[in-house]
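Summary of structural features
Here is how the chains run, residue by residue.
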Amino acid sequence: LLDAVGGPVMMGWETPLMQAHAEELLPAPGLRVLNVGFGLGIIDSFLQERQPSQHVIVEAHPDVLAEMERRGWMARSGVVVLRGR
């Protein structure tokens, strides 16, 4: 995923870091979690594996929102996507 000037926003090598963060942020099932900025959705996928009661994602970029829609994030149970800043 690249920003407006072609710089990387998120890279696949960050996956182990995102997994560790998800474990810290959501140590037990049934908790609520908020993520600002979906990026590649790496941490959000790990957060979903940890079974939150509610998972709120704030995303402003229209291309990322379109990709989230394509991948079914808007239809996932317990997931709330807030569009905009």
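Below is a short write-up of the structure. If you're wondering where the values come from, they're calculated on a predicted model, not measured in any experiment.

1. Examining the pairing of strand 1 (residues 32–36)
Side chains Val33 and Asn35 project from strand 1 onto a buried face, and the interleaved Arg32, Leu34 and Val36 project onto a face without burial. Pairing of strand 1 with strand 2 (residues 54–59) involves five bridges; the strand directions are parallel. Opposite Asn35, over in strand 2, you have Ile57 as the bridge partner. After leaving strand 1, the chain enters helix 2 (residues 42–49) and then returns to the sheet as strand 2, a path that is right-handed.

2. Quick word on the sheet that holds strand 3 (residues 79–83)
What the three strands build is an open sheet, ordered 1-2-3; its pairing is parallel. Pairing within the sheet leaves two strands with one partner each, and these edge strands are strand 1 and strand 3. If you compare each strand with its neighbour and ignore which way they point, the axes differ by 15° on average.

3. Here's the deal with the packing of aromatic side chains
Applying the stated criterion across every chain yields a total of one aromatic pair. The interplanar angle of 75° and the centroid separation of 5.2 Å between the aromatic rings of Phe38 and Trp73 together place this pair among those described as edge-to-face. Here Phe38, found in the loop between strand 1 and helix 2, pairs with Trp73, found in the loop between helix 3 (62–70) and strand 3; they are 35 residues apart in sequence, far enough to count as distant. One exposure class covers both Phe38 and Trp73, and it is buried.

4. What about the nonpolar core?
Soluble globular proteins tend to bury their nonpolar side chains together. Counting nine residues, the largest nonpolar core consists of Met10, Met18, Ala22, Leu26, Val33, Ile42, Ile43, Phe46 and Leu47. Every element with two or more residues in this core is listed here: helix 1 (15–25) and helix 2. Per-element tally for this core: the top contributor is helix 2, with four residues. Look past the residues within four positions of Ile43 in its chain and what remains in contact with it is Met18, His21, Ala22, Leu25 and Asn35. Counting residues in each nonpolar core, the second largest holds eight residues, with Ile57, Val64, Met68 and Val81 among its members.

Rules used throughout
Residues numbered from 1 in each chain as written. Predicted model: local features only at pLDDT ≥ 70, side-chain atom pairs only at ≥ 80, totals over all residues. Heavy atoms only, no water. Buried < 20%, exposed > 50% of the residue type's maximum accessible area, 1.4 Å probe, protein only. Helix = DSSP H or I, 4+ residues; strand = E, 2+ residues; numbered from the N terminus. Pairing = 2+ DSSP bridges. Right-handed = clockwise from strand over helix to strand, strands pointing away. Axes fitted to C-alpha atoms, helices over the stretch in contact; angles between N-to-C directions. Phe/Tyr/Trp six-rings, centres within 6.5 Å; stacked < 30°, edge-to-face > 60°. Core = buried A, V, L, I, M, F, W, Y, C linked by side-chain atoms within 4.5 Å. Contact = heavy atoms within 4.5 Å.

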